[in-house]
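Geometric and topological summary
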Amino acid sequence: MSTHVLADSATMLRRQLRHMKRYPSLTFMLAGMPVVFLLLFAYVLGGALGAGIGGPSGGRAEYIDYLVPGVILMTVASAAQGTAISVAMDMTEGIVNRFRTMAISRASVLTGHVLGSVVQTLISMVIVLGVALLIGFRPTATPVEWLAVVGVLALLTFALVWLSVALGLVADSVETASNLPMPLVLLPFLGSGFVPTDSMPTGLRWFAEYQPFTPVIETLRGLLLGTPIGGSVYLAVAWCAAIALGGYLWAKKLYNRTN
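The residue count restarts for each chain, going from 1 along the sequence in the order it is written. This being a predicted model, a pLDDT of at least 70 is required before a residue's local features are given, and a value of 80 or more before pairs of side-chain atoms are given or counted; all residues contribute to the totals for chains, interfaces and linings. Computation of side-chain values: all heavy atoms of the structure, hydrogens and water removed.

1. Considering a nonpolar patch on the surface
Within this analysis, patches are made of residues with over 30% relative accessible area and no salt bridge. Like charges are joined at 9 Å or less; nonpolar side chains (Val, Leu, Ile, Met, Phe, Trp, Tyr) at 5 Å or less. Accessible areas in this description were obtained via Shrake-Rupley with a 1.4 Å probe; residue shielding takes into account the shown protein chains only. Here, a salt bridge means any Lys or Arg side-chain nitrogen found within 4 Å of an Asp or Glu carboxyl oxygen. Taken together, the side chains of Leu186, Leu190, Leu204, Trp206, Phe207 and Tyr210 define a hydrophobic patch exposed on the protein surface, amounting to about 620 Å² of accessible area. Here the nonpolar patch takes four residues from helix H10 (residues 202-210), the largest share from any one element. By definition, any uninterrupted DSSP run of H or I lasting at least four residues is a helix, any uninterrupted run of E lasting at least two residues is a strand, and each is numbered from the N terminus.

2. Regarding the nonpolar core
Buried Ala, Val, Leu, Ile, Met, Phe, Trp, Tyr and Cys residues that are joined via side-chain atoms within 4.5 Å together make up what is termed a nonpolar core. Note on exposure labels: buried denotes an accessible area under 20% of the residue type's maximum, exposed denotes more than 50%, and partly exposed covers the range between, all computed with a 1.4 Å probe on protein chains only. Judged by nonpolar contacts, the single largest core of 47 residues is most densely connected at Leu38, Leu67, Leu73, Leu156, Leu160, Phe213 and Val216. Mapped onto this core, the elements with two or more residues apiece are helix H2 (24-43), helix H4 (60-92), helix H6 (106-134), helix H7 (143-170), helix H9 (182-186), helix H11 (213-225) and helix H12 (232-257). When residues in this core are grouped by element, the largest group, twelve residues, is from H4. Should any heavy atoms of two residues lie within 4.5 Å, those residues are considered in contact. Apart from residues no more than four positions distant in its own chain, Leu156 is found in contact with Leu73, Val76, Phe213, Val216 and Cys240. Counting residues in hydrophobic clusters, the runner-up holds 13 residues, among them Val114, Val118, Ala166 and Leu254.

3. What about the environment of Ala236?
Residue position: Ala236 is located in helix H12. A relative accessible area of 3% means that Ala236 is categorised as buried. When the C-alpha positions of Ala236 and Thr214 are compared, they lie 8.1 Å apart, and in sequence the two are 22 residues distant.

4. Re H4
Helix span, as expected, comes to 1.5 Å for every residue beyond the first. End to end, H4 covers 46 Å across 33 residues, agreeing with the expected 48 Å (1.5 Å per residue, within 8%). The sharpest bend along H4 measures roughly 35° and falls at Leu67, with the proline Pro69 sitting one to four residues further on. Here H4 lies mainly inside the structure; 25 of its 33 residues are buried. Consider a residue and the seven residues that end there alongside the seven that start there; fitting an axis to each set, the bend is the angle between those axes.

In structure tokens form, the structure reads like this:
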């Protein structure tokens, strides 16, 4: 049974990868919004915000280093929106009903979406990181720290993809599915992604410090730039595990209900 599920999941993954190859513009579109925000904050607001952050230079170059981890998380959240749309399209266009008439594992349909979305998200992050390096991002991470960065981002991507699969299943139309993940895109703004949380009003600062993206951002910032991490890494892993488990159970329940 395990071999059967793995083989079917691999088939569904190939289906998703063919879609990516056929429509490469979707991957570039998912990376496009984070790149726009990266350039906007770096070149329009970077001078003023960099001076506010302070530090050795307190200018645009330092702010770009501060900014990139938050933009990377925005990339993950944007890709989650694409996953919800893809799942909703399969549900509303009848392709899932056709799969049910075939001798394939039911779980493989969702697994294919998840694995395909993880690959697409990682490609989008590479594009964003490449642009960041071109405009002056200068990480100081060692090879081991880079591996840790990849691990944290893969864990977060896996978690948000499962959540977005559930959002795609619960949506009654593709349009609804495109809107449901939008709050995820806003979370880096309402955390430490663009400005330090201690510069925010009390109520907003409390939310920013305790929402799930902030410890992930601080962990990435520490790994990439050598800033203190503290307990952020444990909170980041705990949040990712909780989101992944909740998203998986929710998606499984919704998918089984439609069978």
